[in-house]
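What follows is each chain in one-letter form.
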Amino acid sequence: MSVADTLLSQLKAAEVRLALAGIETARLDAEILMAHVLGCPRMALYGKLTAAVPQQAVSEFDALLSRRLTCEPVAYITGEQEFWSLPFKVTPDTLIPRPDTETLVETVLRQMDGLPVRRVLDLGTGSGCILLSLLHELRDALGTAVDISAGALSVAKENAVSLDLQERVEFFQGSWFAPLDKQAQFDVIVSNPPYIPSKDMAGLMADVRLYEPGSALDGGEDGLGPYRLIADQAPAFLAPGGLLAVEVGIHQAGDVMALFDAAGLVGTGKVKDLGGVERVLYGKKS
Ligand SMILES: C[S@@+](CC[C@H](N)C(=O)[O-])C[C@H]1O[C@@H](n2cnc3c(N)ncnc32)[C@H](O)[C@@H]1O
């Protein structure tokens, strides 16, 4: 066996190729793609660094690397992204769940700690990561997922099945509150709506701009359109004492808080993500 055939040499060569293409997470990406090809956890690679990589696996790895070199996100290549320590299927129809969004899940659990949560509504569910993570934690709750994208909803349904939560979720295709029964009442409404101002879309990094669905990102002229609608209509769908919690983009917390105040929500607050950005806003119906 030549040195070039070892797992370590394959990873090093891939890292160099990705780094030269400007990919900042070159080594990590190479390891995730190799682990995907070999069908093992990434950490298991460290026990096999001097082992030979079968030719078939080298060819498959090369094909995946070529996709990554065009900036296709690793999660779309492997078809999976971990969120809240749970595995979520993702496709180009869904936004890739972000670690920052875990702040939203954490905020809901903290705000509702010790309170009964029977019904949770997730507006713009995408892969279902927020709602399904909440249902995983809140064992007595039922969930309602809404998305305008049929493709995203079908992925969210698959994720509900793989997490064995399908009996506790209903799915609606449509725009925000429109597909819901007008009498419906929820203890919690969550949303991570599209919030990038349209004029900023062209400046997004290539991974996002070229591959993630524009309808999951573009929040209209000032990026606040979905928040206006959600803050305005949420009180009618919240049970007394019910919680509205949303993720916001950088520098949007002040404007969205004004919308929460105008909607009459009380006990409002902001929560920073791990990067120190005001990422989540919440408020309750009195
Ligand atoms: C930022 S993504 C969030 C996806 C997922 N909740 C997450 O946090 O990863 C926004 C989602 O809102 C959906 N969406 C966009 N416009 C919508 C609308 N008018 N009504 C309902 N959903 C919408 C998109 O299809 C997308 O799935």
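All figures in this text were calculated on a predicted structure; none of them were measured in a lab.

Each assigned domain of the protein is listed with its residue range as follows: domain 1 (3-70) and domain 2 (81-284). Taken over C-alpha atoms, the centre of domain 1 sits 34 Å from the centre of domain 2.

Turning our attention to the pairing of strand 3 (residues 119-123). As a general feature of sheets, a regular strand has side chains that alternate between the two faces. For strand 3, a buried count of four out of five residues is recorded, marking the element as mostly surrounded by other parts of the structure. Pairing analysis gives five bridges linking strand 3 to strand 4 (residues 142-147), with the strands arranged parallel. The partner of R119 across the bridge, within strand 4, is L142. After leaving strand 3, the chain enters helix 6 (residues 129-137) and then returns to the sheet as strand 4, a path that is right-handed.

Quick look at the nonpolar core now. With 31 residues, the main nonpolar core has F177, I189, L244 and F260 as its most contacted residues. Of all the secondary structure elements, the ones that give two or more residues to this core are strand 3, strand 6 (186-191), helix 9 (225-237), strand 7 (238-247) and helix 10 (253-262). Other than its neighbours up to four places away in sequence, L244 contacts I189, I230, A231, A234, L238, F260, L265, L281, Y282 and G283. Membership of the second largest hydrophobic core comes to 29 residues, among which are F88, V108, A145 and A160.

Let us look at the environment of R67. Counting through the fold element by element, R67 comes out in helix 3 (residues 55-69). Using a relative accessible area of 33% as the deciding quantity, one classes R67 as partly exposed. For the pair R67 and I77, spaced ten residues apart in sequence, the C-alpha separation works out to 7.5 Å. Setting aside residues no more than four positions away along its own chain, R67 makes contact with E72, Y76 and I77.

Scanning the model with the defined rule gives two aromatic pairs in all. Pairing F177 with F237 gives two aromatic rings, centres 4.8 Å apart and planes at 20 degrees, and the pair type is stacked. With a gap of 60 residues between them, F177 in the loop between strand 5 (169-173) and strand 6 and F237 in helix 9 connect regions that are remote in the sequence. F237 sits in the buried class, given a relative accessible area of 6%.

Positionally, E247 belongs in strand 7. The buried charged residue E247 lacks any salt bridge, with R279 as its nearest oppositely charged partner at 4.2 Å. Among the polar contacts made by the side chain of E247, one reaches the side chain of Y195 at a distance of 2.9 Å. Beyond its immediate chain neighbours, meaning those up to four positions away, E247 contacts D100, T101, L104, S191, N192, P193, Y195, Y227 and R279.

In the neighbourhood of the ligand, 18 residues make up the surrounding shell, with G124, D147, S175, N192 and A216 lying closest. Between the ligand and G124 there is a distance of 2.9 Å, counted from a nitrogen atom to a backbone nitrogen or oxygen. A distance of 3.3 Å is found between a nitrogen atom of the ligand and a backbone nitrogen or oxygen belonging to I148. Calculation on the ligand without its partners gives an accessible area of 590 Å², and the protein chains cover 94% of this total. Considered class by class, the residues forming the shell around the ligand number eight nonpolar, nine polar and one charged.

Once that is clear, we can look at the packing of helix 1 (residues 7-20) against helix 2 (residues 26-38). As a packed pair, helix 1 and helix 2 sit with axes 8 Å apart at the nearest point and diverge in direction by 130 degrees. It follows that helix 1 is oblique to helix 2 by the angle criterion. The two elements helix 1 and helix 2 meet at a crossing, and its hand is right-handed. Across the interface between the two elements, L7, L8, Q10, L11, K12, A14, E15, L18 and A19 of helix 1 pack against A26, R27, D29, A30, E31, M34 and L38 of helix 2. Classifying every residue of the contact of helix 1 with helix 2 by side-chain character gives ten nonpolar, one polar and five charged.

Parameters at a glance
- Residues numbered from 1 in each chain as written.
- Predicted model: local features only at pLDDT ≥ 70, side-chain atom pairs only at ≥ 80, totals over all residues.
- Heavy atoms only, no water.
- Domains from an automatic or database assignment.
- Buried < 20%, exposed > 50% of the residue type's maximum accessible area, 1.4 Å probe, protein only.
- Helix = DSSP H or I, 4+ residues; strand = E, 2+ residues; numbered from the N terminus.
- Pairing = 2+ DSSP bridges.
- Right-handed = clockwise from strand over helix to strand, strands pointing away.
- Core = buried A, V, L, I, M, F, W, Y, C linked by side-chain atoms within 4.5 Å.
- Contact = heavy atoms within 4.5 Å.
- Phe/Tyr/Trp six-rings, centres within 6.5 Å; stacked < 30°, edge-to-face > 60°.
- Lys, Arg positive; Asp, Glu negative; His and termini not counted.
- Salt bridge = Lys/Arg side-chain N within 4 Å of Asp/Glu carboxyl O.
- Polar contact = N/O pair within 3.5 Å; in protein donor to acceptor, adjacent residues only side chain to side chain.
- Near = heavy atom within 4 Å.
- Areas by Shrake-Rupley, 256 points an atom, 1.4 Å probe, with all protein chains shown as cover.
- Nonpolar A, V, L, I, M, F, W, Y, C, P; charged D, E, K, R; others polar.
- Axes fitted to C-alpha atoms, helices over the stretch in contact; angles between N-to-C directions.
- Parallel < 35°, antiparallel > 145°, perpendicular 65-115°, else oblique.
- Left-handed = near helix turned anticlockwise from the far one by under 90°.

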